[in-house]
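# Descriptive analysis of the structure
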Amino acid sequence: MSNPAKEDKAKARLGRAGVWGFWGILTLMLVAGGCQFGASDAHHSLVIAGSTSVQPFAEKLAEIFMHQHPKALINVQGGGSSAGIYAARQGAADLGASSRELVAAEKDLVEIPIAYDGIAVIVHPSNPITDLTLEQLRRVFQGRLQDWGALGLKPHPIHLITREEGSGTREAFEHLVMGQAEITPAALVQDSNGSVRELVAGDPYSLGYISVGLVDGRVKAVAIDGISPTPENIKNRTYELVRRFLLVSRTPPAGLGKAFVEFILSPQGQNILEAEGLVGMK
Amino acid sequence: MGQGKFIERVLFLLALSAISSLVLITVFIFMEGLPLILQTGLKDFILSSHWAPTKGHFGIAAMIVSSLLVTLGALVIGVPLGLACAIVLAEFSHERVKTILKPTLELLAGIPSVVYGFLGVIWLVPLIRNYLGGPGLSLLAASLILGIMILPTVISISIDALTAVPALYREGSIALGATQWQTVRRVVLPAASSGIITAIILGMGRAVGETMAVIMVAGNALQLPTSILDPVRTLTSNIALELGYASGRHREALFATGIVLFVIIMILNFSATVLTRRR
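Residues numbered from 1 in each chain as written. Chains lettered and ligands numbered in written order. Predicted model: local features only at pLDDT ≥ 70, side-chain atom pairs only at ≥ 80, totals over all residues. Heavy atoms only, no water.

## What about the overall build of chain A?
Summing up its helical and strand segments, chain A has nine helices and ten strands in all. When each of the 282 residues of chain A is scored for burial, the buried share is 46%. Nonlocal contacts in chain A, meaning residues at least 24 apart in sequence, comprise 75% of its contacts between residues at least 6 apart. When the accessible surface of chain A is totalled, it reaches about 13,100 Å², and 59% of it is carbon and sulfur. (Helix = DSSP H or I, 4+ residues; strand = E, 2+ residues; numbered from the N terminus. Buried < 20%, exposed > 50% of the residue type's maximum accessible area, 1.4 Å probe, protein only. Contact = heavy atoms within 4.5 Å. Areas by Shrake-Rupley, 256 points an atom, 1.4 Å probe, with all protein chains shown as cover.)

See below:
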């Protein structure tokens, strides 16, 4: 019926259309995937991504800010400090949240410190220990002191819990406590403050560290060198395990980003952070 | 050009897109991970167990060993249970029992792995901690959870292998005076052996690749385990645990971990295919 040449041409055309369709769909999917992170409206929406330590505080701030500015939309995502810094550099997030200091290669970004956070060393509430020296803590995490007996308690192996490599909390802990020493490979590794707290709350022989803001009644924070991680001690820096929370961006924030940063640094914003267990910049 | 041809083409393209995603993933993993392996040296990467990626140490030996041990543990628990279950269902139970029990067992496969992990953390880990010692999060906990998780795979493929054995074999054996158990042990099991081995290998693949449940119950410590109560970190947990925070060479090292995992799983799948074909 139809002549073969024509049919071939039609086939070829259809084949091409199919191929184009395929690439078209693939491109669409990629674009859609990319858009998930991109801010659609620079003035009224803001994406913050990064540290899971900063995330709950950023969410709280965003919630209150959005309540005051009904037109603004702030989207807070986790992912980790490094991911947040990376996202801010790539422009995938307007602001990156970091719970660690920027390394040399990241210094070209704009950094805005928003609060101080203490790192609390926590044990089970039934554990009678109240005080550790920094030296003891270092030796425990080096794996050189493995038994509660060596700290004057009933002998039982210490179940040590640390965070994963690359975590801001771990990095700050290594910097503040370990110095050049490495954390023992025998330590349990958990990937969030929450799961460290959960484990410590369930295990009478465990020892871990989390952000002070997240300490609750189910775990007990011990004093380091005799100084408890209270807000006063963190503020006047007598408690030694303190780090900064940063927001970073490629260029100084403008528009909604600027307004949000100003809100965080305003007395009201800082009060919110202090009410949540952090210590303000002032 | 008929409508049939058109639909054939559309289906062909859809099939192609599924395969191309496999190719894309493979190429991507190797592109991201290979430079680090070459830089570190394959020997140092695979044979050292010093993992401190932010300080420039990339050794995954302990994780390879842990992955294999966890998988072995899962098989020790899952295979006897699964095989026994399959034999009972395929050979010794009434058709009606089978039609109810088999889908029920397959439901196990539909439970999300995070639920297994959660049950493990809430229930199994404290049991191990209180009665056997150690931190509870351990090689043993991971093996037990994974052993249960591979059951549906092992059971359903074993049942298929057993029912594929021709009825003639069984009738012949029974006609010669063998009991039903002798028939199963001497005739049906050997005849179904390649299918059963395939079931075990696919279960193994599931165990090696499982991530979420293992992260939750294995403890993720970096050392080489010396007892089944020691916490371990598998290859998959290493990737999932650290990817969120990783950048630069650390990120490459995680992709390199992925390459090792990829190779292990390819070997498993390949051997499963070869064994099935031999049947």
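So much for the structure itself; the text now carries on.
## Concerning the pairing of strand E2 (residues 73-79) of chain A
Residue and element names in this part refer to chain A. Relative to E2, strand E1 (residues 45-50) runs parallel, the two sharing six bridges. Considered in E2, the bridge of Ile48 is made with Val76. For the crossover that starts at E1, traverses helix H2 (residues 55-68) and ends in the parallel E2, the hand is right-handed. (Pairing = 2+ DSSP bridges. Right-handed = clockwise from strand over helix to strand, strands pointing away.)

## A word on the pairing of E1(A)
Residues and elements named next belong to chain A. Of all six residues in E1, six are buried; the element is thus mostly enclosed. Going residue by residue along E1, you find Ser45, Val47 and Ala49 tucked away on one face and Leu46, Ile48 and Gly50 tucked away on the opposite face as well. Both E1 and strand E3 (residues 95-98) contribute to a ladder of three bridges, which runs parallel. When the bridges of E3 are listed, Ala49 appears paired with Gly96.

## Some remarks on the confidence of the model for chain B
Across chain B, pLDDT averages 91, with 99% of residues at or above 70. Reported for the predicted complex are a pTM of 0.79 and an ipTM of 0.82. (pLDDT = per-residue confidence, 0-100.)

## Overview of the domain arrangement of chain A
Interface extent is often summarised as the accessible area lost during association of the parts. All names here are of chain A. Domain annotation of chain A identifies domain 1 (4-116 + 245-275) and domain 2 (117-235). Contacts between the two partners involve eleven residues from domain 1, matched on the other side by eleven residues from domain 2. Three residues, Ser53, Arg100 and Tyr116, lead the burial of domain 1 against domain 2; their summed loss comes to 44% of the area buried on that side. Between the two partners, domain 1 and domain 2, sit two salt bridges. One salt bridge connects Glu274 with Lys235, and the closest N-O pair in it is separated by 3.3 Å. The tally of links from domain 1 across to domain 2 stands at three residue pairs in polar contact (both at pLDDT 80 or more). Sorting the residues of the side of domain 1 that touches domain 2 by element identifies helix H3 (81-90) and strand E4 (110-123) as the ones contributing at least two each. Partitioning the side of domain 1 that touches domain 2 into residue classes produces four nonpolar, five polar and two charged. (Domains from an automatic or database assignment. Buried area = accessible area lost by both parts, 1.4 Å probe. Salt bridge = Lys/Arg side-chain N within 4 Å of Asp/Glu carboxyl O. Polar contact = N/O pair within 3.5 Å; in protein donor to acceptor, adjacent residues only side chain to side chain. Nonpolar A, V, L, I, M, F, W, Y, C, P; charged D, E, K, R; others polar.)

## Let's talk about the packing of helix H8 (residues 255-265) of chain A against helix H9 (residues 267-275) of chain A
All names here are of chain A. H9 packs onto H8 with a crossing angle of 65 degrees between their chain directions and a minimal axis gap of 4 Å. Across the interface between the two elements, Phe263, Ile264 and Leu265 from H8 touch Pro267, Gln268, Gly269, Gln270, Ile272 and Leu273 from H9. Here the contact of H8 with H9 is composed, by residue class, of six nonpolar, three polar and no charged. (Axes fitted to C-alpha atoms, helices over the stretch in contact; angles between N-to-C directions.)

## What to know about the interface of chain A and chain B
Between chain A and chain B, the residue contacts involve 32 residues of the former and 32 residues of the latter. Across the interface of chain A and chain B, roughly 2,700 Å² is buried in total on both sides, 60% from carbon and sulfur atoms. Taken together, chain A and chain B are joined by two salt bridges. When the shortest N-O distance is used, the salt bridge between Lys55(B) and Glu174(A) registers 3.3 Å. Seen at the junction of chain A and chain B, the total is eight residue pairs in polar contact (both at pLDDT 80 or more). Within the residue set of the side of chain A that touches chain B, elements represented by two or more residues are helix H1 (4-35), H3, strand E6 (159-163), helix H5 (168-178), strand E7 (188-190) and helix H6 (193-202) of chain A. For the side of chain A that touches chain B, the leading source of residues is H1(A), giving seven residues. Along the lines of polarity and charge, the residues of the side of chain A that touches chain B split into ten nonpolar, 13 polar and nine charged.

## Some words on H2(A)
Residues and elements named next belong to chain A. The end-to-end C-alpha distance of H2 is 20 Å, a good match for the 20 Å that 14 residues give at a rise of 1.5 Å each. Within H2, burial applies to Gln55, Phe57, Ala58, Leu61, Ala62 and Phe65. Considered in projection along H2, the buried side chains sweep an arc of 155 degrees and stay on one side of the axis. Residues of H2 that are exposed and point over 90 degrees away from its buried face: Glu63 and His67. Turning to H2, the residues buried within the fold contact E2, strand E10 (242-249), H8 and H9. (Expected span 1.5 Å × (residues − 1). Arc of directions from axis to C-beta.)

## Quick word on the side chain of Thr40(B)
Position of Thr40(B) among the secondary structure elements: in helix H1 (residues 3-40). Overall, the relative accessible area of 19% leaves Thr40(B) in the buried class.

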